[in-house]
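Residue-level structure breakdown
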Protein chains: 2
Amino acid sequence: MRIIVDAMGSEIGTSVEVEGAIQAVKEYGHDIILVGDEAVIKRELHKRGTGVHGKISVIHAPERIEMHEPAALSVRRKRKSSIVVGLEILKRNEADGFVSAGNTGAVVCAATLSLRMLPGIERPGIAIAIPTMTGVSVIIDVGANIDPKALHLFQYGVMADAYCRYILHKSNPKIGLLNVGEEESKGTEFIKEAHTLLSESKLNFIGNIEGRDIYVGTVDIVICDGFVGNVILKVSESVIDTLVKLIKKEIKTNPIAMIGALLITTSWKALKKKMDYAEYGGAPLLGIDGACIISHGSSSPKAIKNAIRVAAEFKEQDVNKHIIEELEIY
Amino acid sequence: MRIIVDAMGSEIGTSVEVEGAIQAVKEYGHDIILVGDEAVIKRELHKRGTGVHGKISVIHAPERIEMHEPAALSVRRKRKSSIVVGLEILKRNEADGFVSAGNTGAVVCAATLSLRMLPGIERPGIAIAIPTMTGVSVIIDVGANIDPKALHLFQYGVMADAYCRYILHKSNPKIGLLNVGEEESKGTEFIKEAHTLLSESKLNFIGNIEGRDIYVGTVDIVICDGFVGNVILKVSESVIDTLVKLIKKEIKTNPIAMIGALLITTSWKALKKKMDYAEYGGAPLLGIDGACIISHGSSSPKAIKNAIRVAAEFKEQDVNKHIIEELEIY
């Protein structure tokens, strides 16, 4: 397996991607193509002098699409950016997958333009694995398409079903449509239409679910539009962050509680590991004719390493072939 | 002040509303009209035999609109429900405000039909106060209107501004529009249109905010459509709930951590009190010609008591007059 890694994506910068790539080579034995500023990448590789250089090659791409840049415009203008150059390598079939922690909109746009959609799929969707009370669930879409049609939501169901079966190894994933209430009569016309399409399909669709069901793990797959999915992810991160900061503040005012906090450190760390997004390794951009994995902008080297693993599994398991097959069945 | 309380709203049932009403009489001295099944209410009052009966009257309403019932249909059919009967009392100006922990959709529908909208306001919005890192912020709308137009979002800004000034005592509340990114170019056409309306107004609008900004307290007022707002609230509750359950589970496997947990109990309780929705007392249904406060279905007596307080303050401060005035200014 040969995976392309955008080495100018993450917020911290190239060091994260280089470190993640080295870890992936050591752990999985994959070949890696790092795409970005050659001098910077080589400096980072040199620093680590790890003897995996034969497994890592570098392709120069001098431009970086910044996080705040408008997606379509930057992809058109920055033809020498790490995202555009990296995806072109995938398009030429010179590698098996692509990983980027860069500007999500730009990755979606460049991937759609260069790799194209799978036959029959109208729009891509980002499927992210999240920790729940009972294990792992998937939310699709978390931001590839903020204004989808009902048909797109149905197709998200098909795509996430294949992803769940072949990457997360769930045999008959339960699918829920995110709504403001469980009753079929609830929601906007758009959501009701999606409900009808999902109900009439052969997918294991259990109906509407509410925001409170997501982390309970009521379903394996949560379907929503990319606007709502994006808000859910960011709110979830922020709620946990705020809660932790507030409890720390509270504990600091009380010496006994400070001792208590020390005593629960191990449990807290164990939980944090379970809840760690980095463990799940990036979110596949489903619907694209290729294995394209999007990582969080603030990814750690471990997150990059895991994203590389997912990219390789995505290709090995031939998820895209299964999506095309399922689209016909369902 | 005389406040009507729907005594058949909450999930637990009449005992909660009766207890909340008694607490409100004792604490604030308001008169309360309890609306619902007279026999049940009187039994609950009798049980408590508290000597506040002169301040509490009962109006019989034999029907209950259940939580799962479709809003418009149930309001039309159940003319003798506690929600419909209660709001009719407010319409006849025989009281100063109305509180319900019942079916939110039914309250919105019945209030819109019987009390009508304020002049110039097109749609109602539910404004809920939430705890943040820096204090309290307001999210509007959390479910009155799941498919609003851009103009409605602008009007939410005006209404929440008045609510913040006169009930939450914030002198110049900062307003943010919830979006998938901070840049003006982000979002659906609908959101961009709302952005333009808010920018051109005289409101203290700081632009787009993201899901992660809500609990940081970046703004005093978060504007979003009712679908997104509903999801945010339910996801937030669920994230905290899940996190607490998972850490408890983790701690139970470790005796040292169990001692630690005991030692931080005081801090945890202090934080819970700060984060307690019940403290903020219900969410006003803004835009309606009347003081109509919606409480969580799982309200405690304290939450009902606080909702009664907010209903009275809403009337005392004449928030609706300020909304009409601000609509002209902004």
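Residues numbered from 1 in each chain as written. Chains lettered and ligands numbered in written order. Predicted model: local features only at pLDDT ≥ 70, side-chain atom pairs only at ≥ 80, totals over all residues.

Of the regular secondary structure elements, chain A holds 13 helices and 11 strands. Taken over C-alpha atoms, the radius of gyration comes to 20 Å for chain A, in line with the 20 Å a tight globule of 330 residues would show. Dimensions of chain A, computed from C-alpha atoms along their principal axes, come out at roughly 60 × 60 × 35 Å. Within chain A, the fraction of its 330 residues that count as buried is 56%. Of all intrachain contacts in chain A linking residues separated by at least 6 positions in sequence, the fraction that spans at least 24 positions is 73%. (Helix = DSSP H or I, 4+ residues; strand = E, 2+ residues; numbered from the N terminus. Rg over C-alpha atoms; globule rule 2.2 N^0.38 Å. Buried ≥ 20, exposed ≤ 12 C-beta atoms within 10 Å, placed from the backbone. Contact = placed C-beta atoms within 7 Å.)

Moving on, we come to the domain arrangement of chain A. All names here are of chain A. The assigned domain composition of chain A is domain 1 (1-121 + 287-330) and domain 2 (125-279). Of note, the centres of domain 1 and domain 2, computed from C-alpha atoms alone, are 24 Å apart. In this assembly, 22 residues from domain 1 lie in contact with 18 residues from domain 2. Sorting the residues of the side of domain 1 that touches domain 2 by element identifies helix 5 (104-115), helix 12 (301-316) and helix 13 (319-329) as the ones contributing at least two each. Tallied by class, residues from the side of domain 1 that touches domain 2 come to 11 nonpolar, 8 polar and 3 charged. (Domains from an automatic or database assignment. Nonpolar A, V, L, I, M, F, W, Y, C, P; charged D, E, K, R; others polar.)

Once that is clear, we can look at the packing of helix 8 (residues 226-252) of chain A against helix 10 (residues 265-275) of chain B. To characterise two packed helices, one gives the angle between the axes of the helices and the distance between these axes. At a minimum axis distance of 9 Å, the contact between helix 8 of chain A and helix 10 of chain B shows a crossing angle of 130°. Judged by the angle between their axes, helix 8 of chain A and helix 10 of chain B are oblique. In this structure, the crossing between helix 8 of chain A and helix 10 of chain B has a hand that is right-handed. Facing L246, I247, E250 and I251 of chain A of helix 8 of chain A, the residues of helix 10 of chain B in contact are S267, W268, A270 and L271 of chain B. Of the residues contributing to the contact of helix 8 of chain A with helix 10 of chain B, the split by class is 6 nonpolar, 1 polar and 1 charged. (Axes fitted to C-alpha atoms, helices over the stretch in contact; angles between N-to-C directions. Parallel < 35°, antiparallel > 145°, perpendicular 65-115°, else oblique. Left-handed = near helix turned anticlockwise from the far one by under 90°.)

Residues and elements named next belong to chain B. Look at helix 6 (residues 150-166) against helix 7 (residues 189-200): their axes get within 8 Å of each other, and the N-to-C directions meet at 45°. Comparing the axis directions of helix 6 and helix 7 gives the class oblique. Taken as a pair, helix 6 and helix 7 cross one another with a handedness that is right-handed. Facing A150, L151, L153, F154 and G157 of helix 6, the residues of helix 7 in contact are F190, E193, A194, L197 and L198. Of the residues belonging to the contact of helix 6 with helix 7, the class tally is 8 nonpolar, 1 polar and 1 charged.

This paragraph deals with the sheet that holds strand 5 (residues 125-131) of chain A. In a beta sheet, neighbouring strands pair by backbone hydrogen bonds and run either parallel or antiparallel. All names here are of chain A. Here we have 11 strands laid out as an open sheet, ordered 3-2-1-4-11-10-5-6-9-7-8, and mixed in their pairing. Edge strands, defined here as strands with exactly one partner in the open sheet, are strand 3 (56-60) and strand 8 (205-209). For this sheet, the mean inter-axis angle between neighbouring strands, taken without regard to orientation, is 25°. Strand direction decides the pairing type here: strand 1 (residues 2-6) and strand 2 (residues 31-36), joined by 5 bridges, are parallel. Its bridge partner being in strand 2, D6 is matched across the sheet by V35. Helix 4 (residues 82-91) rests against strand 1, strand 2, strand 3 and strand 4 (97-100) of the sheet, and its axis sits at about 165° to strand 1. Lying on the sheet, helix 7 (residues 189-200) is in contact with strand 7 (175-178) and strand 8; it crosses strand 7 at an angle near 170°. (Pairing = 2+ DSSP bridges.)

Right, let's get into the relation of the copies chain B and chain A. Rotating chain B by 180° about the axis while translating it 0.0 Å along that axis superimposes it on chain A, leaving an RMSD of 0.0 Å. Both copies of the chain, as the preceding transformation shows, are related through a two-fold rotation axis. Relative to the rotation axis, the C-alpha of G260 of chain B is the closest in chain B, positioned 1.8 Å from it. Taken together, the interface assignments show that 100% of the residues at the interface of chain B recur at the interface of chain A, consistent with an identical surface on both copies. (Least-squares fit on C-alpha atoms with pLDDT ≥ 70 in both.)

Let us look at the sheet that holds strand 10 (residues 283-286) of chain B. Residues and elements named next belong to chain B. Pairing within the open sheet is mixed, and its 11 strands lie in the order 3-2-1-4-11-10-5-6-9-7-8. Bordering the open sheet on either side are strand 3 (56-60) and strand 8 (205-209), each of which pairs with just one other strand. With strand direction ignored, the average angle separating the axes of adjacent strands in the sheet is 25°. Sheet analysis places strand 7 (residues 175-178) next to strand 8, joined by 4 bridges and oriented parallel. From the neighbouring strand, G176 faces strand 8, where its bridge partner is G207. Taken strand by strand, helix 2 (residues 38-48) contacts strand 2 (31-36) and strand 3, and its axis lies near 155° from that of strand 3.

All right, on to unusual backbone geometry then. Backbone geometry follows two general trends: most residues other than glycine have a negative phi, and most peptide bonds adopt the trans configuration. Residues and elements named next belong to chain A. Residue D141 is reached from I140 by a cis peptide bond, and omega for that bond is 10°. By secondary structure assignment, the location of D141 is in the loop between strand 6 (136-140) and helix 6 (150-166). Phi is positive for R116, which is not a glycine, with a value near 70°. Looking at where R116 falls in the secondary structure, it is placed in the loop between helix 5 and strand 5. Overall, R116 belongs to the partly exposed group, with 13 C-beta atoms counted inside 10 Å.

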